[in-house]
Amino acid sequence: MGDVPTKPLDQYPLVSPEERPPVPPEQPGEPAAAAPAAAQEKPAEPRPAAALVFQERATKVVTLSFPFTWEGRLVSAVTVRRLITAEVATLTAGGTPPDAFEAYAAMTGLPATVLRGMDADDGLAVTEAAFDFLPRLLRDVLSG
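Just so we're clear, the structure is a prediction, and the values are computed from it rather than from any experiment.

### Looking at the overall build of the protein chain
- Per the secondary structure count, the protein chain includes six helices and two strands.
- In the protein chain, the succession of helices and strands from N to C terminus is α-β-β-α-α-α-α-α.
- Per-residue burial over the protein chain gives 22% buried out of 144 residues.
- Of all intrachain contacts in the protein chain linking residues separated by at least 6 positions in sequence, the fraction that spans at least 24 positions is 53%.

So, in structure tokens, the structure goes:
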């Protein structure tokens, strides 16, 4: 595995086996070579998505039993909508499942902290509506 190319083959000059430098054997107990810095960096942010106008867009309005004021405005209902692919990519960037409330925040436009601070019955109604709109990928991950 020591001589596995790290760039496309067409970028290497043609070299006969006799011209190749020898690959030193790995020594027992010696740490493996460090991964290149690029491999250790955080994954790139997902690219922007087109602003599409859907013919039908599933939304659900949850009327709150206990409205509240947040950032100077009265919140008496929460609109839940389905996510687009780019939002799912952002939520799953880094390969770890998102916190359910972060997904619900993307679906409602309210921060996760606000959703967590709602009255328990209203919060349950909003999260149930949001769960129903989760894409299969997130529903499987967040329900397990």
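Additional details are given in the paragraphs that follow.
### Digging into unusual backbone geometry
- Despite not being glycine, Glu-71 has its phi angle at roughly 50°, a positive value.
- Inspection of the secondary structure assignment puts Glu-71 in the loop between β1 (59–70) and β2 (73–81).

### Comments concerning helix α3 (residues 100–108)
- Among the residues of α3, those classed as buried are Ala-103, Tyr-104, Ala-105, Met-107 and Thr-108.
- Buried residues along α3 sit against β2, α2 (85–91), α4 (112–117), α5 (120–133) and α6 (136–143).
- Sitting at the amino-terminal end of α3 is Asp-99, which places a side-chain oxygen 3.0 Å from the backbone nitrogen of Phe-101.

### Focus: the pairing of β1
- Relative to β2, β1 runs antiparallel, the two sharing eight bridges. Bridge pairing links Phe-68 to Val-75 in β2.
- Counting the residues between successive antiparallel strands, the hairpin from β1 to β2 contains two residues, one of them, Glu-71, with a positive phi of roughly 50°.

### Notes on the packing of α3 against α5
- Packing of α3 against α5 brings their axes to within 10 Å, and their N-to-C directions diverge by 85°. Considering their axes alone, α3 and α5 lie roughly perpendicular with respect to each other. Across the interface between the two elements, Phe-101, Tyr-104, Met-107 and Thr-108 from α3 touch Val-126, Thr-127, Ala-130, Phe-131 and Phe-133 from α5.
- Its residues assigned to classes, the contact of α3 with α5 comprises seven nonpolar, two polar and no charged.

### As for the pattern of salt bridges
- For the coordinates displayed, the defined rule picks out two salt bridges.
- Residues Glu-87 and Arg-81 are paired through a salt bridge, measuring 2.6 Å at the closest nitrogen-oxygen approach.
- Accessibility expressed as a relative area gives 26% for Arg-81, which makes it partly exposed.
- A salt bridge links Arg-116 to Asp-99, with the shortest nitrogen-to-oxygen separation between them at 2.5 Å. A residue pair is termed long-range when its members are at least 10 positions apart, and Arg-116 in helix α4 and Asp-99 in the loop between α2 and α3 qualify at 17 residues.
- Classification of Asp-99 as partly exposed rests on a relative accessible area of 35%.

### Considerations on the environment of Val-75
- Along the polypeptide, Val-75 turns up in strand β2.
- A relative accessible area of 4% places Val-75 in the buried class.
- On a C-alpha basis, the gap between Val-75 and Thr-63 in space is 9.3 Å, while along the polypeptide they are twelve residues apart.
- Those residues in contact with Val-75 that lie beyond four places of it in its chain are Leu-64, Pro-67, Phe-68 and Trp-70.

Cut-offs used in this document
- Residues numbered from 1 in each chain as written.
- Predicted model: local features only at pLDDT ≥ 70, side-chain atom pairs only at ≥ 80, totals over all residues.
- Heavy atoms only, no water.
- Helix = DSSP H or I, 4+ residues; strand = E, 2+ residues; numbered from the N terminus.
- Buried < 20%, exposed > 50% of the residue type's maximum accessible area, 1.4 Å probe, protein only.
- Contact = heavy atoms within 4.5 Å.
- Polar contact = N/O pair within 3.5 Å; in protein donor to acceptor, adjacent residues only side chain to side chain.
- Pairing = 2+ DSSP bridges.
- Axes fitted to C-alpha atoms, helices over the stretch in contact; angles between N-to-C directions.
- Parallel < 35°, antiparallel > 145°, perpendicular 65-115°, else oblique.
- Nonpolar A, V, L, I, M, F, W, Y, C, P; charged D, E, K, R; others polar.
- Salt bridge = Lys/Arg side-chain N within 4 Å of Asp/Glu carboxyl O.

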